[in-house]
Every structure is written in C-alpha cells, then in structure tokens.
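Spelled out, the chains give:
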Amino acid sequence: MAVQRGVAFQEKVRRQLSGHNGKPVLKPNKALALRDAVANRKLKKGEATCVTQMSVLMACWKQNNFVDNLCSNEINTFYICVAKAQAAMKNKSEQRNIQSGPLPPKQATGLLKRYPNLCSEI
C-alpha cells in the first residue's frame, strides 16, 4: 500500500513538471541567471567581551567620585581584557581568511564584479 502511494506521488510530480501542451507548469518569475552582486547583509556580531571588568571599573568610579588614581587596578584589568579580546578577534579573522567557507558579502560582490556574468552568447 505504501509503495502504491509512493508511485502515485512520483507520477503526480512527473505530470506537474512536464506540464500541459509542452509548457512547464512551474515558471520562474525572474531570469535564471546569476547577478553581479550579493545582498549586503551584516555578519552576526559575537558576544560582548569584558563586561564584568567594565562593570567593576564603573562601580569603582562611582564609589570614588570618578577619580582615576583610586581605580588604577580596575582600569589596568579592563585594558588587559580589551587587548586580549582584540587579539582573539584578529586571530579569528585571520583563520577565517585561511579556511574555506562562505565569503563575506562585500568580498563576494567584489569577485562577481571582477568576473561578471556573460549576458550574451558567443
């Protein structure tokens, strides 16, 4: 019984794709050709870093009436955390350039504009 349903489904799909009088039923609403640009979508941002160090620093400033000299230890820990986060982001971006995978939209658009789609036949 299940085999008959599968065969019937395949026949239905075959009929819809073949169309009536040789015309396809499924018509594209745009030309089936690649464009020379990619949608410019923003990449997802990562997590916020050094939030705890920043909150400790701001609490220290509030307790000491925003005097930097009294909160020098918290300022140093915050700057160290920021430097580590920036180094990690730089390392991650270098690894992304080395590894294969999806290109960023700006880079893909640049490549498509350098090698445009041929619109006419030779």
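Refer to the structure above for everything that follows.
Keep in mind that this is a model prediction, so the values were computed, not measured. Position labels on residues start from 1 in each chain and follow its written sequence. Only residues with pLDDT of at least 70 are given local features in this predicted model, and only at 80 or more are side-chain atom pairs given and counted; all residues enter the totals for whole chains, interfaces and linings. Computation of side-chain values: all heavy atoms of the structure, hydrogens and water removed.

Draft legend 1. Molecular detail of the packing of aromatic side chains. In this scheme Phe, Tyr and Trp rings, the latter by its six-membered ring, pair at centre separations within 6.5 Å, and the angle between planes marks the pair as stacked below 30 degrees, edge-to-face above 60, and tilted otherwise. In this structure the tally under the stated criterion is one aromatic pair. A centroid spacing of 6.0 Å and a plane angle of 45° characterise the contact between Phe 78 and Tyr 79, whose relative ring orientation is tilted. Partly exposed describes any residue whose relative accessible area lies between the buried limit of under 20% and the exposed limit of over 50%, with all areas from a 1.4 Å probe on protein chains only and scaled to the type maximum. The exposure class assigned to Phe 78 is buried, which follows from its relative accessible area of 17%. On the accessibility criterion, Tyr 79 (55% relative accessible area) is exposed.

Draft legend 2. Spatial organisation of the environment of Asn 76. Within the secondary structure, Asn 76 is located in helix α3 (residues 72–98). Taking C-alpha positions, Asn 76 is 9.5 Å from Leu 57, a pair spaced 19 residues apart along the chain. Under the scheme used here, helices are H or I runs from DSSP no shorter than 4 residues and strands are E runs no shorter than 2 residues, and both carry numbers assigned from the N terminus.

Draft legend 3. Focus on the state of the cysteines. Two cysteine sulfur atoms form a disulfide, by the criterion used here, when they sit within 2.5 Å. Throughout the structure, instances matching the rule amount to two disulfides. The partner cysteine of Cys 50 in its disulfide is Cys 81, sulfur to sulfur 2.0 Å. The sign of the -100° torsion about the S-S bond sets the Cys 50-Cys 81 disulfide as left-handed. Of this pair, Cys 50 sits in the loop between α1 (2–18) and α2 (51–63) while Cys 81 sits in helix α3, placing them 31 residues apart in sequence. Assessed through its relative accessible area of 7%, Cys 50 is described here as buried. What pairs with Cys 60 in a disulfide is Cys 71, and their sulfur atoms sit 2.1 Å apart. One disulfide, between Cys 60 and Cys 71, carries an S-S torsion of -95° and so falls in the left-handed class. In this pair, Cys 60 sits in helix α2 while Cys 71 sits in the loop between α2 and α3, placing the two residues 11 residues apart along the sequence.

Draft legend 4. Region of interest: α2. Residue count minus one, scaled by 1.5 Å, sets the expected span of a helix. The end-to-end C-alpha separation of α2 is 18 Å, in line with the 18 Å expected for 13 residues at 1.5 Å each. Taken from the residues just after α2, Asn 65 is the one with a positive phi, measuring 55°.

Draft legend 5. Representation of unusual backbone geometry in the model. Positive phi is not limited to glycine here, since Asn 65 has a value of about 55°. One non-glycine residue, Phe 66, lies in the positive phi region at around 60°. The topology assignment puts Phe 66 in the loop between α2 and α3. When its relative accessible area of 61% is taken as the criterion, Phe 66 is described as exposed.

Interpretation note: all reported values are geometric properties and have no functional meaning in isolation.
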